[in-house]
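Working through the structure, step by step
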Amino acid sequence: FGLGVVPGPGFSFGADHESILLFELDAPTETLEAASAHYRSALLTVALGILVGKADGGLQPAERLSLEGMVANANGVTENERRRLSADLRWLELRPVALASLRRKLAAIPHEERAQIADLLVGLASAGGSHERTEVALLERIYRQLNLDPERLYAGLHKATAANQDDEPVRL
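Residues numbered from 1 in each chain as written. Predicted model: local features only at pLDDT ≥ 70, side-chain atom pairs only at ≥ 80, totals over all residues. Heavy atoms only, no water.

**Quick word on the overall build of the protein**
Summing up its helical and strand segments, the protein has seven helices and two strands in all. Listed by position from the N terminus, the elements making up the protein come as β-β-α-α-α-α-α-α-α. Along the longest, intermediate and shortest principal axes, the C-alpha atoms of the protein span 65 × 35 × 30 Å. Here the protein, with 172 residues, has 38% of them falling under the buried criterion. Contacts in the protein between residues far apart in sequence, at least 24 positions, make up 71% of those at least 6 positions apart. A total of about 9900 Å² of accessible surface is found on the protein, and carbon and sulfur atoms cover 53% of it. (Helix = DSSP H or I, 4+ residues; strand = E, 2+ residues; numbered from the N terminus. Buried < 20%, exposed > 50% of the residue type's maximum accessible area, 1.4 Å probe, protein only. Contact = heavy atoms within 4.5 Å. Areas by Shrake-Rupley, 256 points an atom, 1.4 Å probe, with all protein chains shown as cover.)

Next up, the structure:
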């Protein structure tokens, strides 16, 4: 039929299956392609991004744009996987997963990829121009689960804050 389903078998975190989200594939297909490693990594990043973005109560427009950019720029995914990621983003915004449920998946990520994901999450938290306490606390938990140095988090937040302040006029 040329339609995909979220959550889909082999593509989701085993969340609520009482409701589904349909999305258009690039062409009708007879078989379901297996989720690639690139897709699984991008999906995990989007799921974490939703948690960070909603940590202060809801996604801000700049955070949503940042998440949409993550989907649009996900490396190594097929066109159908990109479409699925876009649907996943909408799904996860309505039904975010708990950080604890991602622990095993986070532990399986190679170290160099962990740093890339963490940097994307800091960028997302910085998208609105400020860092809410709840976002920073969640980022600290994510960094611990990724086994990354918390100083990397604080340096990234400081760098993002300094970059945002450079855009502001200086009052003398």
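**Observations regarding helix H3 (residues 79-94)**
For H3, with 16 residues, the first-to-last C-alpha span of 23 Å sits near the 22 Å given by 1.5 Å per residue. Buried residues of H3: Asn80, Glu81, Arg84, Leu85, Ala87, Asp88, Leu89, Trp91 and Leu92, and no others. Buried residues belonging to H3 abut strand S1 (3-6), strand S2 (21-24), helix H1 (37-54) and helix H2 (61-72). (Expected span 1.5 Å × (residues − 1).)

**Observations concerning the nonpolar core**
A general tendency of soluble globular proteins is for nonpolar side chains to be buried together. Ranked by internal contacts, the top residues of the largest apolar core, which has 45 residues, are Leu48, Val52, Leu85, Leu92, Leu102, Leu106 and Ile142. If you tally residues by element for this core, the top one is H1, at ten residues. Those residues in contact with Leu106 that sit more than four places away from it in its chain are Leu44, Leu48, Leu99, Arg114, Gln145 and Leu146. (Core = buried A, V, L, I, M, F, W, Y, C linked by side-chain atoms within 4.5 Å.)

**Quick word on the layout of surface pockets**
In this model, the second largest pocket occupies a volume close to 260 Å³. Lining the second largest pocket are 14 residues, with Leu3, Leu25, Thr29, Thr31 and Leu32 positioned closest to its centre. Residue classes in the lining of the second largest pocket are distributed as five nonpolar, five polar and four charged. (1 Å grid on protein atoms, 1.4 Å probe; cavity = no way out; pocket = protein on both sides within 12 Å on 5 of 7 lines; lining within 4 Å. Points joined across faces, edges and corners; volume = space filled by probe spheres on them. Nonpolar A, V, L, I, M, F, W, Y, C, P; charged D, E, K, R; others polar.)

**Observations regarding the packing of H1 against helix H5 (residues 111-126)**
Their axes nearest at 10 Å, the elements H1 and H5 cross at an angle of 35°. As H1 runs across H5, the sense of the crossing is right-handed. Seen from H1, the contacting residues are Ser41, Thr45, Leu48, Gly49, Val52 and Gly53; seen from H5, they are Glu113, Ile117, Leu120, Leu121, Leu124 and Ala125. Split by residue class, the contact of H1 with H5 holds seven nonpolar, four polar and one charged. (Axes fitted to C-alpha atoms, helices over the stretch in contact; angles between N-to-C directions. Left-handed = near helix turned anticlockwise from the far one by under 90°.)

**What about the pattern of salt bridges?**
For the structure shown, the criterion picks out three salt bridges. One salt bridge in this structure joins Arg83 and Glu79, with 3.2 Å as the shortest N-O distance. Of this pair, Arg83 and Glu79 both sit in helix H3, four residues apart, which is roughly one turn of that helix. Accessibility expressed as a relative area gives 29% for Arg83, which makes it partly exposed. (Salt bridge = Lys/Arg side-chain N within 4 Å of Asp/Glu carboxyl O.)

**Some words on helix H6 (residues 133-145)**
In this model H6 runs 19 Å from its N-terminal to its C-terminal C-alpha over 13 residues, within 8% of the 18 Å that 1.5 Å per residue would give. Those residues of H6 that sit buried are Glu135, Val136, Leu138, Leu139, Ile142 and Tyr143. Buried residues in H6, looked at end-on, bunch into an arc of 160°, giving them a common side. Exposed residues lying more than 90 degrees from the buried face of H6 are Arg133 and Arg144. Looking at the residues trailing H6, positive phi occurs at Asn147, about 60°. (Arc of directions from axis to C-beta.)

**Some details on a nonpolar patch on the surface**
The grouping of Phe1, Leu3, Ile20 and Leu22 at the surface amounts to a nonpolar patch, some 520 Å² of accessible area in total. With relative accessibility at 48%, the residue Leu22 sits in the partly exposed group. (Patch = residues over 30% accessible without salt bridge, like charges linked within 9 Å, V, L, I, M, F, W, Y side chains within 5 Å.)

**Observations concerning the pairing of S1**
Judged by which residues are buried, S1 turns out to be one-sided: Gly4 and Val6 face inward and are buried, whereas Leu3 and Val5, on the alternate face, are not. Inspection of the sheet shows S1 paired to S2 by four bridges, in the antiparallel sense. The residue of S2 that forms the bridge with Val6 is Leu21. (Pairing = 2+ DSSP bridges.)

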